Amino acid sequence: SQQGEEDPQALSIQEGENATMNCSYKTSINNLQWYRQNSGRGLVHLILIRSNEREKHSGRLRVTLDTSKKSSSLLITASRAADTASYFCATVSWYNAGNMLTFGGGTRLMVKP
Amino acid sequence: DTAVSQTPKYLVTQMGNDKSIKCEQNLGHDTMYWYKQDSKKFLKIMFSYNNKELIINETVPNRFSPKSPDKAHLNLHINSLELGDSAVYFCASSQQRYTDTQYFGPGTRLTVL
């Protein structure tokens, strides 16, 4: 089963509005990452938040992490049409062999001009 | 100056055939990965190689055999293709096995008829 599950599965907003996506996970993690996937393309890393951090900012992105609730949220402020994409959270667990990213099913964001 | 490249981008084949997908990264990374993204957009790790050594194998059928001739290349060979193998396959790399951020290729869409 998927470690991370995003909510909502799809989100449609107007340009200029804020978009909030949530991610829940099941096991303990070392860090959590958010990736963006444009249609027909590979995933692009957006931001990483470590398990001992509660909030992180990068440009128009704000990520929060609540390890007690095993949840994270990604906020995109002042959205643009170019933000239209699928957004995935990925939890990172360290194993003896190496890191393993476990992805959720993604949130499909559409930003209407 | 593509960082992670995959060939081919599209692959359409008949059930029972054998096919290969190639991946190359020019980032100088030590660790490479194969992921499978199904029709519902769930992304799941299949294999990870570190300096040509297999370090993660996530219960993938024996019909899938990865090969890493050098640390810049990780190929995926699939024998006796089945309908359920239809998916988008992504290659990724990270600087080292315990590095958090992964860089993804553009994906190979495999369709088995």
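The structure presented is a predicted model; accordingly, all values stated were derived computationally and were not measured.

## Topic: the state of the cysteines
- Counted under the stated rule, the structure contains two disulfides over all chains.
- In this model A:Cys23 forms its disulfide with A:Cys89; the gap between the sulfur atoms is 2.0 Å. When the S-S torsion is 65 degrees, as for the bridge of A:Cys23 with A:Cys89, the disulfide is right-handed. Within this pair, whereas A:Cys23 is found in strand β3 (residues 19–24), its partner A:Cys89 is found in strand β9 (residues 85–94), the two being separated by 66 residues in sequence.
- A sulfur-sulfur separation of 1.9 Å characterises the disulfide bridge that pairs B:Cys23 with B:Cys91. Sign of the S-S torsion, about -75 degrees for the bond between B:Cys23 and B:Cys91, identifies this disulfide as left-handed. Of this pair, B:Cys23 sits in strand β3 (residues 19–25) while B:Cys91 sits in strand β9 (residues 87–94), and the two are 68 residues apart along the sequence.
- In this structure B:Cys23 comes out as buried when scored by relative accessible area, which is 1%.

## Notes on the pattern of salt bridges
- If you walk through the whole model with that rule in mind, you get six salt bridges over all chains.
- For A:Arg62, the salt bridge goes to A:Glu55, with nearest N and O atoms at 3.1 Å.
- Residue A:Arg62 is classed as partly exposed on the basis of its relative accessible area, which comes to 31%.
- Each of B:Arg63, B:Glu82 and B:Asp85 takes part in salt bridges that share partners, so that together they form one network.

Criteria and cut-off values
Residues numbered from 1 in each chain as written. Chains lettered and ligands numbered in written order. Predicted model: local features only at pLDDT ≥ 70, side-chain atom pairs only at ≥ 80, totals over all residues. Heavy atoms only, no water. Disulfide = S-S within 2.5 Å. Helix = DSSP H or I, 4+ residues; strand = E, 2+ residues; numbered from the N terminus. Buried < 20%, exposed > 50% of the residue type's maximum accessible area, 1.4 Å probe, protein only. Salt bridge = Lys/Arg side-chain N within 4 Å of Asp/Glu carboxyl O.

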